[in-house]
Structures are given as structure tokens and as C-alpha cells.
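Coordinate analysis (summary)
Chain by chain, the residues run as shown.
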Amino acid sequence: MVNRGTDYNALTVVHTRHYLRWAFGALVLFVVLQLAWSLVTNDRYGWDVVAKYFFSPAILRGLGLTLTLTAVAGSLGFLLGTILALARLSKSPILNSVSWSFIWFFRSVPLLVQVLIWYNLGYLYPRLGFGIPFTDAYLVDFDTITLISQFAAAVLGLSLHQAAYSAEIIRGGILSVDQGQLEASAALGLPRHVRVLQIILPQAARSILPNAFNEIIGLLKGTSIVSVIALGELFYVAQVIYNRNQQVIPLLLVAVIWYIILTTVLSIGQYYVERHFARGAERVLPPTPIQTARRWISVQWARLDEPTPPATSAGIDAKSESFRL
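Residues numbered from 1 in each chain as written. Predicted model: local features only at pLDDT ≥ 70, side-chain atom pairs only at ≥ 80, totals over all residues. Heavy atoms only, no water.

If you walk through the whole model with that rule in mind, you get nine aromatic pairs. When the centroid spacing of 4.9 Å and the interplanar angle of 85° are considered together, the rings of Phe54 and Phe55 count as edge-to-face. Between the aromatic rings of Tyr271 and Tyr272, the centroid separation amounts to 5.1 Å while the plane-to-plane angle is 85°, which identifies the pairing as edge-to-face. According to the relative accessible area criterion, Tyr272 is partly exposed, its value standing at 37%. (Phe/Tyr/Trp six-rings, centres within 6.5 Å; stacked < 30°, edge-to-face > 60°. Buried < 20%, exposed > 50% of the residue type's maximum accessible area, 1.4 Å probe, protein only.)

Turning next to the pattern of salt bridges. Under the definition given, this model contains two salt bridges. Measuring nitrogen to oxygen at the nearest pair gives 3.3 Å for the salt bridge that ties Arg88 to Glu168. Taken together, the positions of Arg88 in helix 3 (residues 57-88) and Glu168 in helix 8 (residues 150-175) put the pair 80 residues apart, joining distant regions of the chain. Since its relative accessible area comes to 18%, Arg88 is described here as buried. (Salt bridge = Lys/Arg side-chain N within 4 Å of Asp/Glu carboxyl O. Helix = DSSP H or I, 4+ residues; strand = E, 2+ residues; numbered from the N terminus.)

Further remarks concern the packing of helix 9 (residues 179-187) against helix 10 (residues 192-222). The contact between helix 9 and helix 10 brings their axes to 11 Å, and the two run at 160°. As far as their axial angle goes, helix 10 and helix 9 are roughly antiparallel. As helix 9 runs across helix 10, the sense of the crossing is right-handed. Within the contact between the two elements, helix 9 uses Gln181, Leu182, Ser185 and Ala186 and helix 10 uses Arg195, Ile199, Ile200 and Gln203. For the contact of helix 9 with helix 10, the class distribution of residues is four nonpolar, three polar and one charged. (Axes fitted to C-alpha atoms, helices over the stretch in contact; angles between N-to-C directions. Parallel < 35°, antiparallel > 145°, perpendicular 65-115°, else oblique. Left-handed = near helix turned anticlockwise from the far one by under 90°. Contact = heavy atoms within 4.5 Å. Nonpolar A, V, L, I, M, F, W, Y, C, P; charged D, E, K, R; others polar.)

Now for the UniProt feature "transmembrane region" (unreviewed entry) in the protein. With numbering matched to this structure, UniProt assigns "transmembrane region" (unreviewed entry) to residues 20-39, 59-86, 98-119, 216-242 and 248-273. With 91% helix and 0% strand, the stretch residues 98-119 has end C-alpha atoms that lie 25 Å from each other. (UniProt positions renumbered as here; feature names shortened; annotations may be inferred.)

Right, let's talk about helix 12 (residues 248-277) for a bit. Over its 30 residues, helix 12 extends 43 Å from the first C-alpha to the last, a length consistent with the 44 Å expected when each residue adds 1.5 Å. Taken as a whole, helix 12 has its buried residues at Pro250, Leu251, Leu253, Val254, Ala255, Trp258, Tyr259, Leu262, Thr263, Gln270 and Arg275. (Expected span 1.5 Å × (residues − 1).)

Before going further, it helps to examine the side chain of Arg195. Among the structural elements, Arg195 can be located in helix 10. A relative accessible area of 14% places Arg195 in the buried class. Setting aside residues no more than four positions away along its own chain, Arg195 makes contact with Leu182, Ser185, Ala186, Leu190 and Ile200.

Counting 19 residues, the largest nonpolar core has Tyr53, Ile59, Leu234, Ile241, Leu251, Val254 and Trp258 as the members making the most contacts within it. Mapped by element, the contributors of at least two residues to this core are helix 2 (47-54), helix 3, helix 11 (234-245) and helix 12. The element best represented in this core is helix 12, accounting for seven residues. In contact with Leu251, other than residues within four places in its own chain, are Val49, Tyr53, Ala238, Ile241, Tyr242 and Asn245. By size, the runner-up hydrophobic cluster in this structure holds 15 residues, among which are Ala73, Ile148, Leu158 and Leu219. (Core = buried A, V, L, I, M, F, W, Y, C linked by side-chain atoms within 4.5 Å.)

Structure representation (C-alpha cells):
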């Protein structure tokens, strides 16, 4: 029993000891340190070669093309995906069927196969143009090989593939919005495009954004597939260089590090974009990592400024009356 006159501030708080958690944490720390030691001491990684080619002009040009493909294909993919998602939700059986067929086909065919088909489209159709339907008479025509270059084939393959997946992501986000929102906006007499663009899509964005950023990151890494058509993006440039100097691992590490940097930047952007759209769902937004760090530093400084309390005698055995949490 604890006496009523006990000074609870003088009691010692003894935390529960999680021995299994400590052991597992020590094991994980050991593995991480072992990996770090291997990275530093293993000369076969060729960090000097990595440093030599990391900012080389060829690598930077390939990096720029990778970012260009990601931006162009991502924008076209999500734009077309939005149209396809709205068509899937349309009451028109024609629009619904066409949209479903598009999504079904481009989700069924691997991206690598799509890129190769677009690149070799000239074998099926040597010339493309505008003319009289169901005849071979052209009013304006172009050479297919000239019209669909390596870059065009890559953009077509990546964009159409991305559109099929984006359509389902956007459709799922729209369906997650409460139906009462659409009914209320319709009762106010707002036009359908206003209801969709200003009421439904902003609310659906909270559900769309996590999967959308996941797709963009996947698209960024998926641009390496276009190396099969000898388009000079990041991975293809690294391949060309290591085929010349036989430094395979160091050049692959150059590509890996750049991909990690780019995906990290996208992940940080995802956090802040999601936080922006969460304002309509949460009254108080959670602190950002920077705000959390500043608050922790402020608390630590405040503790340093506090005077040390004098030792007091509680008149009881502290060990016998300590609380175990």
C-alpha cells in the first residue's frame, strides 16, 4: 500500500524491458553495419569509377531523357486515363464498352511488347495518313518509319500503358466519393462538368494520389524498358558505357543511385501533395518531419535551460514504491 503522504514526483519510473525487441534490433543493426562495411571495403564495387561517371555528360543526357519520358508519358497517360475513367462511368454503352476494351487490352499486353510493336509499326503500315475511308487513296500521307521515331514509339508505349492503369486508379477514386456529394451538387443545379471538376475530383484526389504517385514512380523506372529500341535514356547509356570499359557493376550502381535519388524526390513530393489535399479532411494537419525536428530541438533546449531540482527525501523507500510501466 502507498501512503497518502507519498510524494509521487520522487518515485522512480521503471520502464518495461523488451529483451526480444532489443535482440532483434541488435541483429538488424549488425546486418546493416556488415553491409556498410562491405560497401566500403569491397574494391569490386568500384566507387572511384562510380564517382568518375556519375556526373558525366552522357549519363546526364540519359537522365534528362528519362525525366522527359516520365513527364510526357505520365501527363499523357493520366490525361487519357481521366477521359477513360469518365467514359467507364458514363451511362453510354458505347463509351463504356470502348473504355473497358482499351483498359483490358493495354493491361493485358506487356509494356516491353507494346514498345516493340510501336517501334516496328512500319512493317504493318508502311505509310500513315488521311484519305478516303476503306480505300488505299491518301490525301495526306507520311512514311511510318519517319513519323514514329524511337522517342515517339517510347512515348506511345509508355503513355497508352500508363493510361490503362491510371483510368482504374481515377475511377476507383471517383467511386470512393460519397454519392450524396454528387446528388447535392446536382440539386443545386450545377452543370455536370462543374460537379465533376470542382466537387468530385478534388475529393477523389485524396484516394487517387497515393496510387498515382506509385504509378509515376513505376513509370520512372519503367522507362528503362525502352533501352530495347536503343533510345538513349539513363539505363541504355549505362549499358553502352559498361560494354566499352567492362565496368559493369560500377555503371549499374550509377544508374541505381540516380533512380534512388529521383524516386526519393518523388516520394517527398508525394508527402507534401497528400498533406495539401488532406486539409479538407483533417482539422489539424500532422506536423511535417522538419516541424517535428524543430519541435524536438526546442524541447531539448528548454530542458537544458531548466534548473536542476534539488534532491528531496520522500520518506519512503523509492524502490519499493516505483511504478512499472
